[in-house]
Every structure is written in structure tokens, then in C-alpha cells.
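Listed below, chain by chain, are the residues.
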Number of protein chains: 2
Amino acid sequence: MDEYFMKEAIRLAIEGVHAGYGGPFGAVVVKDGRIIGRGQNRVLADNDPTAHAEMVAIRQACAQLGHYQLDGCVVYTSCEPCPMCLGAIYWARPERVVFGCGREDAAAANFDDAFIYEELGQQPGSRRIRTEQMMREGAMQAMQAWQDKQNKIQY
Amino acid sequence: MDEYFMKEAIRLAIEGVHAGYGGPFGAVVVKDGRIIGRGQNRVLADNDPTAHAEMVAIRQACAQLGHYQLDGCVVYTSCEPCPMCLGAIYWARPERVVFGCGREDAAAANFDDAFIYEELGQQPGSRRIRTEQMMREGAMQAMQAWQDKQNKIQY
């Protein structure tokens, strides 16, 4: 079954390239042997830097389930998830992730995945995109509002 | 000006908590001194694990610009971006990022940001969410389709 779903992720990736939607990436989310989310990279088609295949598939699957988590699901993706997509996967909490190409294959095709993995390991002040902290005390008021909220859903 | 925009990010965060949209996080994207994207965490409201404040603000700003990059923009966020949001920021390539609370403050409020940063540094086989590679050769067909594509936009 893994092979069947990975083939679908690859098919979506190739279709997306030919259609001009964006980069060569496809993904599916599977629950109980059934596809509940399909994604293609749509960065160019939608002018949306967050529209990676995994993100599109995760959002569709969550809409299908009516839940913000992917309990018991498997994410199949034609290429190793970039940090954004892997972060989304951790928030969605599927059971398992299966990928085809690796981040080095993406780097060879001039995608920044490997570079971004490196940057994320740096402290904020050492990153290539200038990053600063300010007004922590003021921002903590939002955290406090959350802590004080009754009957909240902790996700 | 930094203080003005950070205050707006914090205001959005607090409003979102009271409205029950999701966690205590707000963000704005600013270009040429003007807000072109606003975001609140909407994970619960939209059943969408990717609907973090920064993601919502980045998507809105990109829609506003009609472009998949945020050239010359600054992202203000009430809390240090999680790996998903920081990944999105790297793909969107703004000029600068300013944040209020830190990842340790998010961790203290039971959000997984710090945990996910740790996981991303692990090799795929060592992560808490089981991650496997398969069918690399088949998946490389998608990469090859991209390499062969004429007149493509490399982003």
C-alpha cells in the first residue's frame, strides 16, 4: 500500500510541473487506507509561499476530518518535507511520514530546503534574515490572556 | 514604528484569545510603513493546524502584493515563530523579523515550538514521528520533469 500512495504523490508532483502550478512536489494524506487529502505545490499558481504540496494536502485532510489533527494518518510526499512542512506535520501529528527524494535532491534542483534547515538551527541573531526580539513584556499579556482563559482547548 | 506594529500584533493576539480563534498569537506584515497583512492564530476556528498568525499574515500580504515573496517587508509577531512559520518566512524572504515572546514562553504555555525545533534537528529515522524514505528513484522523475521544463520560474 505504501507504494500505491507514494505513486499517487509522485503523479501529483509531475502533473503540477506540467500544469505550471509550482515546484515538483506532490503529497497525499491517508487514513484507514483511503486518501483524504491531496496536494500539489501551488506557490506560483496561487502566489502563496506556504502552498507546498504537504501543506495543501494537510489542510484538505483536516477540512475533511473537521479536526486540526491527523490522528492515525500517514503523509506520503514525493520529497522530504522542508522545515515549514515538517513543522506543519508536527502540529498535525500524523502517525507516520513517508518521503521519496531527499533534501539534497531538492537542493540540487535549487530549492532552499537544506539551507533553511541550517538556518533554523542558528540562534535568531545569527540568521541570514535579520531577526530581533522586542517588547517581550507587552507580548506576555497575550500569553497571560490565554493562561487566564476558562475552558480553553489546549492543542 | 517597530513599537507601533508590535503593539498591533499583540492586540491581534489578545483579541484572538478572547474570540476563541486559537492560541495567543498575532502577526502583521509591513511594507513601506503600511500593514499589508494581519494574522491571528485560527487553528481551532478553522480546524487548520497551519493557520498560525504568521502564516495567515504572510498569505494575506502575498495576496495583497500578488507575489509569492515579501521583498522589503518586515514581519512582526507577538511570539517567536515556530519552525513552520520560520520556514514560511524563509520561503517568503522578508527583510526582517521582529518577535515579542520567545519559544520558552510558548513552551511554558504548553505549546510545542521548542520541542519541534529539537525534532527538526534530528535525522528522519530518529524522530518521534516515524519517518521513512522509499522510492527515491521514482520520485526523481518529478525532479527530472522540473529540470526539463522550459521557461520555468525558479523560486
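Provided above is the structure to which this section pertains.
First, a word on what this report is: a plain description of the structure on this page. (Residues numbered from 1 in each chain as written. Chains lettered and ligands numbered in written order. Predicted model: local features only at pLDDT ≥ 70, side-chain atom pairs only at ≥ 80, totals over all residues. Heavy atoms only, no water.)

1. A few points about the relation of the copies chain B and chain A
At an RMSD of 0.0 Å, chain B and chain A line up after a rotation of 180° and a shift of 0.0 Å along the axis. On the angle and the small slide along the axis, the relation comes out as a two-fold axis. Distance from the rotation axis, computed per C-alpha, reaches its smallest value in chain B at Met84 of chain B: 1.9 Å. Here 100% of the contact residues of chain B are again contact residues in chain A; the copies associate through an equivalent surface. (Least-squares fit on C-alpha atoms with pLDDT ≥ 70 in both. Contact = heavy atoms within 4.5 Å.)

2. Thoughts on the interface of chain B and chain A
Counting residues at the interface gives 90 residues for chain B, matched by 90 residues for chain A. Buried surface at the junction of chain B and chain A, summed over both partners, amounts to about 8000 Å²; 68% is from carbon and sulfur atoms. Of all residues in chain B, Tyr90, Trp91 and Tyr155 of chain B bury the most surface against chain A, accounting for 11% of the area lost on that side. Scanning the region where chain B abuts chain A turns up 8 salt bridges. For the side of chain B that touches chain A, the leading source of residues is helix H7 (residues 136-148) of chain B, giving 10 residues. (Buried area = accessible area lost by both parts, 1.4 Å probe. Salt bridge = Lys/Arg side-chain N within 4 Å of Asp/Glu carboxyl O. Helix = DSSP H or I, 4+ residues; strand = E, 2+ residues; numbered from the N terminus.)

3. Structural notes on the sheet that holds strand E3 (residues 73-79) of chain B
Read from one edge of the open sheet, 5 strands run E5(A)-E4(B)-E3(B)-E1(B)-E2(B), paired in mixed fashion. On the outer flanks of this sheet lie strand E5 (130-133) of chain A together with strand E2 (34-40) of chain B, each paired with one strand and no other. Taken pair by pair, the neighbouring strands of this sheet meet at an average axis angle of 15°, ignoring direction. Bridging between E3 of chain B and strand E4 (residues 96-101) of chain B involves 5 bridges; their strand directions are parallel. Opposite Thr77 of chain B, over in E4 of chain B, you have Phe99 of chain B as the bridge partner. Across the sheet, helix H3 (residues 53-65) of chain B is in contact with strand E1 (26-31), E2 and E3 of chain B; its angle to E2 of chain B comes to roughly 140°. (Pairing = 2+ DSSP bridges. Axes fitted to C-alpha atoms, helices over the stretch in contact; angles between N-to-C directions.)

4. A word on the packing of aromatic side chains
Counted according to the given criterion, the structure contains 16 aromatic pairs over all chains. Between the aromatic rings of Phe25 of chain B and Phe111 of chain B, the centroid separation amounts to 5.1 Å while the plane-to-plane angle is 75°, which identifies the pairing as edge-to-face. Of the two residues, Phe25 of chain B is situated in the loop between helix H1 (2-19) and E1 and Phe111 of chain B in the loop between helix H5 (103-108) and helix H6 (113-120); the sequence distance between them amounts to 86 residues. A single burial state applies to Phe25 of chain B and to Phe111 of chain B, both of which are buried. By the ring-pair criterion, three or more aromatic residues cluster together here, those being Phe25 and Phe111 of chain A together with Tyr68, Trp146 and Tyr155 of chain B. One Lys or Arg, Lys152 of chain A, reaches over the ring of Trp146 of chain A and ends 5.6 Å from the middle of that ring. (Phe/Tyr/Trp six-rings, centres within 6.5 Å; stacked < 30°, edge-to-face > 60°. Buried < 20%, exposed > 50% of the residue type's maximum accessible area, 1.4 Å probe, protein only. Lys NZ or Arg CZ within 6 Å of the ring centre and 35° of its normal.)

Bear in mind that shape data such as this cannot, by itself, settle questions of function.
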